[in-house]
Amino acid sequence: RLKRSLCFNLLEGALDGFNEDETKRDKLLSQSESQPDAKKCAIPPSLWKSMSAFASLSSSCIHGETDPRCLLQIMRLLNKIQRVMLPLFALGNEESSGNADEMNVGTTEEEATTFPSTEMFDAVAPYYPVQFTPPKNDPHGITRDMLQDALMAVLCERGAFYKSRTMGGKQEGGGEETMIALAARMFLERLEPPKSSEYD
């Protein structure tokens, strides 16, 4: 368990470093806006792919996890990834749809990269609803409510503020799957399961 926790700390450290760099980038961009001849600072396609791969890797860490301490840690990390990266992906999609010459998420269909919301949903959905009863005299103090709150934060993208509607993976009809849409469908199936549902 200790080794897994250290791995999660390493992932969070990398995310904090990225967030710090992004904050510095935003500050530089705001300073350059006052200069009419300033060039637009576009995020290269390779970085979008690295961000998506990082989110996918972090999501895969929760598969099969049963230790409540690790679950709480990784779910909080996933929500932190959403808060940091989703606004960037939304901004990149918004800019690319507004001007194809300044597309940040990829200039071609092959290069285009989306945030792995579907992968993240598939990773956390098996834990809903949370079924956990802390043992008596538990020294760690982790409760069902804490795990439920961390899980709902991921499913509802709590704290991730963005305007774009083009987030997530592709649907069959050409639209986009978002974490919110996937979670809402799961909640509805729990309320009224279809006849051949696994929830029966």
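Scroll up to find the structure.
First, a word on scope: everything that follows refers to the structure included in this document. (Residues numbered from 1 in each chain as written. Predicted model: local features only at pLDDT ≥ 70, side-chain atom pairs only at ≥ 80, totals over all residues. Heavy atoms only, no water.)

A count of helical and extended segments in the protein chain gives 6 helices and 2 strands. In the protein chain, which comprises 200 residues, the proportion classed as buried is 40%. Within the protein chain, contacts between residues at least 6 apart in sequence are counted, and of these 74% link residues at least 24 apart. Accessible surface, the protein chain as shown: approximately 12100 Å² in total, 53% of it carbon and sulfur. (Helix = DSSP H or I, 4+ residues; strand = E, 2+ residues; numbered from the N terminus. Buried < 20%, exposed > 50% of the residue type's maximum accessible area, 1.4 Å probe, protein only. Contact = heavy atoms within 4.5 Å. Areas by Shrake-Rupley, 256 points an atom, 1.4 Å probe, with all protein chains shown as cover.)

Glancing now at the nonpolar core. Looking at soluble globular proteins, one finds that nonpolar side chains tend to be buried together. Grouped together as the largest cluster of nonpolar side chains are 45 residues, with contacts concentrated most on Ile 81, Met 85 and Leu 155. Mapped onto this core, the elements with two or more residues apiece are α1 (2–32), α2 (45–60), α3 (68–98), α4 (117–124), α5 (144–155) and α6 (179–191). Counting residues per element, this core draws most heavily on α3, at 13 residues. (Core = buried A, V, L, I, M, F, W, Y, C linked by side-chain atoms within 4.5 Å.)

With 16 residues, α2 ought to run about 22 Å at 1.5 Å a step, and its terminal C-alpha atoms sit 23 Å apart, in line with that. For α2, the full list of buried residues reads Trp 48, Met 51, Ser 52, Phe 54, Ala 55, Ser 56, Ser 58 and Ser 59. (Expected span 1.5 Å × (residues − 1).)

According to the stated counting rule, one finds 3 aromatic pairs in the structure shown. With a centroid separation of 5.7 Å and an interplanar angle of 70°, the aromatic rings of Phe 89 and Phe 115 are classed as edge-to-face. Taken together, the positions of Phe 89 in helix α3 and Phe 115 in the loop between α3 and α4 put the pair 26 residues apart, joining distant regions of the chain. Of the two residues, Phe 89 and Phe 115, neither departs from the other in class, the shared state being buried. With a centroid separation of 5.1 Å and an interplanar angle of 55°, the aromatic rings of Tyr 128 and Phe 187 are classed as tilted. Here Tyr 128, found in the loop between α4 and α5, pairs with Phe 187, found in helix α6; they are 59 residues apart in sequence, far enough to count as distant. With a relative accessible area of 17%, Tyr 128 lands in the buried category. Taken together through their ring pairs, the aromatic side chains of Trp 48, Phe 89 and Phe 115 make up a single cluster. (Phe/Tyr/Trp six-rings, centres within 6.5 Å; stacked < 30°, edge-to-face > 60°.)

So, on to the packing of α2 against α4. At a closest axis distance of 9 Å, the pairing of α2 and α4 adopts a crossing angle of 10°. As summarised for this structure, α2 and α4 are arranged roughly parallel, according to the angle between their axes. Contact with α2, carried on its side by Ala 55, Ser 56 and Ser 59, involves Glu 119, Met 120 and Ala 123 of α4 and no other residues of that element. Its residues assigned to classes, the contact of α2 with α4 comprises 3 nonpolar, 2 polar and 1 charged. (Axes fitted to C-alpha atoms, helices over the stretch in contact; angles between N-to-C directions. Parallel < 35°, antiparallel > 145°, perpendicular 65-115°, else oblique. Nonpolar A, V, L, I, M, F, W, Y, C, P; charged D, E, K, R; others polar.)

Its location among the elements puts Ser 52 in helix α2. Accessibility expressed as a relative area gives 12% for Ser 52, which makes it buried. With 63 residues separating them in the primary sequence, Ser 52 and Phe 115 have C-alpha atoms 5.5 Å apart. Other than its neighbours up to four places away in sequence, Ser 52 contacts Phe 89, Thr 113, Thr 114 and Pro 116.

All quantities given are derived from atomic positions and should not be read as evidence of function.
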